[in-house]
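Tertiary structure, described
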Amino acid sequence: MDKLKELTGRFEAQPDADTACQIGDEYLKSGQRVQANTYYARALEMAPGHPGVHLGLGRLALDTNKIDLALTYLTKAARLDKNSPDILNELGVCYGRKDMWDAAETVWSRALEIHPGHGKSIFNLGLLYQRTGRDSDALELLTSAYQGGVVDPAVLNLLGQVYLKSGDQAKAVEVWRKSLDVNPDQTEIHRELIEIEGVSVPKVELGGARPAPDKAPATPDAAVADLFLKHVAPEDRPKKAGFNVLIYSDFNIAGQLTKLMRALNAHTPHKARCVIFQDDFLQYDRDIILQDQQGRPLLSDLKEVYDLVTQADFFHIGRQAVNLPGLDFDQILNERNCLMQYFGSDLRLNHERLFLWHLKKNIPALVGYGWTLAFPLPLRYYHVQQFFDPASFSRVDRLKPGDVIRVVHAPTNREIKKTALFLEVMARLQKEFRVEVDVVEGVSNKVCLNRKARGHITYDEMGTPTFGLNSVESMAMGHVSLSSVNPHVLSYFPDCPIVRITEDTLEPLLRRLLTDIDLINNIGDMSYAFIRRHFNEKLSAIRFSNLYNGIKYGFFHCDPGLPYGVG
């Protein structure tokens, strides 16, 4: 943002095509296509023969899947500058998108004649070779680049895959380690290395004796109780007659699963522990974390993890359970001891594979309210909302006449959330109203919440017909939240105060809000109350507890006893 501010200031002081192009490039990198197009257009007016303008417009057209238009711009850019590897690389991408692979190979090869170390062209040409069965050509190209000093992570990662396919694990590990030296924050590479190298832990026998599904679990011995009582308050330990619940996930998903562990221990008969395979940079609360956010091992002895797995009665799996040496969750998890929980894009991206896995295993899943209707898992539950405690959230200041209205958007996925359309609409409305737009991206959750605390309206998304944690956080502050919401969601929340939008109604509904601050304040009050009415960590934990019981013993099973929290 500092670079963009500096470039914009320079352009305003003395407009020129080069600076306009650079501003357009910066906007395009951040996904702000409307602003990028504005500055490319200004550069084109000033210098119609500037190759960088046509390169930028070609990239913009590619970004919006207008392949023929991109080809027009990039072909002209290549005529204007015949020796630019960047232009030739993008032209090759364009040819590839049109399945013109011979032409793509020609221009990528030409780019490497000009600049043998051009990482993007090496990667694209190597990928072409690999996908067309030319493994020896791919290996020759990529090893030559590696030996020549190219350290582009994408190139090294592809070379690792080629080595692995050829059976040379040692070489694959070598180049992946080099890639991590350049960029440590590569989750997939860490996972590949774990699969190959394993972890130094004793091999243990798993899947031992389990209570029959129609019987209550046996009373655990002292060693088991000590292990699962680690995060239970001493005064609550005598009440813990439920399951040993192990929460296990590949990633620390907004701290949701560690919060669940704390709440299960505080409010239910169950005892819980939480193991997260990899942390993230936000550094949420934790029990056991196996790797830091850069994929570096945090534990040299994983015996406690193995003991937790062997002594667990029930598994709550977040997204996926990453195997460790001697630990195959596919053999451990079954329809009576497991609940899978999916978040955000994971199910959207992998629904075919997950459908087949659930069909085979008959394991139930907890999924989102709205968009998962499109992805039919065999057994799924909707009724436990996001694990969220609104107690620490304060109501933002109500708007007064003359105040600037602030609209916040967090584009975690610009395509799904239709960020470009939102920005186009806001660009028009900013000409008519005193309104600011804050696009919150690439920052920690703490910074995001601090910026939201200065806002009044949140634009969430239109890609999935529900509202997510982004809206929940915003409504907890008294924002008006805009999102697409389908009837399935509204059947669970008939009092939902979300302003429901479509592509056609986004602008008129925003215009209606911006002309009436009382309406913004009133919906904000409704939002603030709605979250406190429906979102409560204690109630969520009790919902999970009952769900575990139903899965474990069957939903015809009756749980005798006093109400939760009594006695």
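This text goes with the structure placed above it.
Residues numbered from 1 in each chain as written. Predicted model: local features only at pLDDT ≥ 70, side-chain atom pairs only at ≥ 80, totals over all residues. Heavy atoms only, no water.

**Description of the sheet that holds strand β6 (residues 365-366)**
Note the following rule: In this analysis, strands are considered paired if DSSP registers two or more bridges between them. In DSSP terms, a helix is any run of H or I states spanning at least four residues, a strand is any run of E spanning at least two, and both are numbered starting from the N terminus. Throughout, a residue-residue contact means that at least one pair of heavy atoms, one from each residue, lies within 4.5 Å. For helices, the fitted axis covers only the stretch in contact; all axes are lines through C-alpha atoms, and the angles between them, taken along N-to-C directions, range from 0 to 180 degrees.
Reading across from one edge, β3-β2-β1-β4-β5-β6-β7 is the order of the seven strands in this open sheet, with parallel pairing throughout. Every interior strand has two partners, whereas the edge strands, β3 (288-291) and β7 (380-381), have only one. Judged from the three bridges that link them, strand β2 (residues 271-278) and β3 form a sheet pairing that is parallel. Each residue of the ladder has a partner; that of Gln278, found in β3, is Gln291. Sitting on the sheet, helix α25 (residues 537-553) is in contact with β1 (244-251), β4 (314-318), β5 (338-341), β6 and β7, with an inclination near 130° to β5.

**Overview of the packing of helix α8 (residues 119-131) against helix α10 (residues 153-166)**
Just so we agree on the cut-off: When an angle is under 35 degrees it counts as roughly parallel; over 145 it counts as roughly antiparallel; between 65 and 115 it counts as roughly perpendicular; any other value is oblique. Should the near helix be turned counterclockwise from the far one by less than a right angle, the crossing is left-handed, whereas a clockwise turn marks it as right-handed.
Contact geometry for α8 and α10: axes closest at 9 Å, N-to-C directions at 25°. The angle between α8 and α10 places the two elements in the roughly parallel class. Considering the relative orientation of α8 and α10, their crossing is left-handed. For the pair α8 and α10, contact is made by Gly119, Ile122, Phe123, Gly126, Leu127 and Gln130 and by Ala154, Val155, Leu158, Gln161 and Val162, respectively.

**With respect to the pattern of salt bridges**
Stated formally: Take a side-chain nitrogen of Lys or Arg and a carboxyl oxygen of Asp or Glu: if they are within 4 Å of each other, that pair is a salt bridge. Residue exposure (1.4 Å probe, protein chains only): buried if accessible area is under 20% of the type maximum, exposed if over 50%, otherwise partly exposed.
For the structure shown, the criterion picks out 28 salt bridges. The residue Arg319 makes a salt bridge to Asp250 at a minimum N-O spacing of 3.0 Å. Of this pair, Arg319 sits in the loop between β4 and α16 (329-332) while Asp250 sits in strand β1; the two residues are 69 residues apart in sequence, bridging distant segments of the chain. Judged by relative accessible area, Asp250 falls into the buried class, the value being 0%. Taken together, the shared-partner salt bridges in this structure form one network comprising Arg428, Glu432, Glu507 and Arg511.

**With respect to unusual backbone geometry**
The phi angle of most residues is negative, glycine excepted, and most peptide bonds adopt the trans form. With a phi angle near 70°, Arg319 is a residue other than glycine that sits in the positive phi range. Its identity as a non-glycine residue notwithstanding, Lys418 has a phi of 55°, on the positive side. Note on placement: Lys418 falls in the loop between α18 (414-417) and α19 (419-429). Look at Lys418 and you get partly exposed, because its relative accessible area is 26%.

**Things to note about the nonpolar core**
Nonpolar side chains in soluble globular proteins generally cluster together in the buried interior. This is how the line gets drawn: Throughout, nonpolar core names a set of buried Ala, Val, Leu, Ile, Met, Phe, Trp, Tyr and Cys residues whose side chains join them through atoms within 4.5 Å.
If you look at the biggest cluster of nonpolar residues, it comprises 41 residues, and the most contacted ones within it are Leu91, Cys94, Ile122 and Leu142. Per-element tally for this core: the top contributor is helix α5 (residues 67-80), with six residues. Here Cys94 is in contact with Leu62, Ile67, Ala70, Leu71 and Leu74, once residues within four sequence places are set aside. Counting residues in hydrophobic clusters, the runner-up holds 31 residues, among them Leu227, Leu246, Leu324 and Ile363.

**Remarks on helix α15 (residues 303-311)**
Here is the rule we go by: It is the directions from the helix axis to the C-beta atoms that the arc portrays.
For α15, the complete set of buried residues consists of Val305, Tyr306, Leu308 and Val309. Angularly, the buried residues of α15 cover 160° about the axis, an arc narrow enough to put them on a single face.

**Here we look at the packing of aromatic side chains**
Selection criterion: Pairing of aromatic side chains here covers Phe, Tyr and the six-membered ring of Trp, requires ring centres within 6.5 Å, and sorts the geometry by plane angle: under 30 degrees stacked, over 60 edge-to-face, intermediate tilted. Two conditions define a charge sitting above a ring: the NZ of Lys or the CZ of Arg must be within 6 Å of the ring centre, and it must be within 35 degrees of the ring normal.
Taken as a whole, this structure holds 16 aromatic pairs when the rule is applied. Arranged with centres 6.0 Å apart and planes meeting at 25°, the rings of Tyr27 and Tyr39 form a pair that is stacked. In this pair, Tyr27 sits in helix α2 (residues 17-29) while Tyr39 sits in helix α3 (residues 33-46), placing the two residues twelve residues apart along the sequence. The pair formed by Tyr27 and Tyr39 is uniform in burial state, with each residue classed as buried. Ring geometry for Phe315 and Phe329: centres 6.3 Å apart, planes at 85°, overall edge-to-face. Of the two residues, Phe315 is situated in strand β4 and Phe329 in helix α16; the sequence distance between them amounts to 14 residues. Given the relative accessible area of 2%, Phe329 is considered buried. Aromatic ring contacts, followed pair by pair, group Phe388, Phe393, Phe467, Phe493, Phe530 and Phe535 into a single cluster. Of note, Arg532 hangs over the ring of Tyr528, and the distance from its end group to the ring centre comes to 3.5 Å.

**Considerations on the packing of α2 against helix α4 (residues 51-63)**
Applied cut-off: Throughout this entry, Asp, Glu, Lys and Arg are counted as charged residues, while Ala, Val, Leu, Ile, Met, Phe, Trp, Tyr, Cys and Pro are counted as nonpolar. The remaining residues, Gly among them, count as polar.
Between α2 and α4, the least distance of the axes is 10 Å, while the angle of their chain directions is 20°. In this view, α2 runs roughly parallel relative to α4, as classed from their interaxial angle. Considering how the two elements wind past one another, α2 and α4 form a crossing that is left-handed. On α4, the residues that touch Cys21, Asp25 and Leu28 of α2 are Gly52, Val53, Gly56, Arg59, Leu60 and Asp63. Looking at side-chain class alone, the contact of α2 with α4 contains four nonpolar, two polar and three charged residues.

**Focus on the pairing of strand β8 (residues 405-409)**
Within a regular beta strand, the side chains point alternately toward one face of the sheet and then the other, so they alternate between its two faces. Here β8 lies mainly inside the structure; four of its five residues are buried. Alignment of β8 against strand β9 (residues 435-439), held across five bridges, turns out to be parallel. Note that in β9 the partner of His409 across the bridge is Val439. Strand direction decides the pairing type here: β8 and strand β10 (residues 457-461), joined by two bridges, are parallel. Within the sheet, the bridge partner assigned to Val408 lies in β10 and is Thr458.

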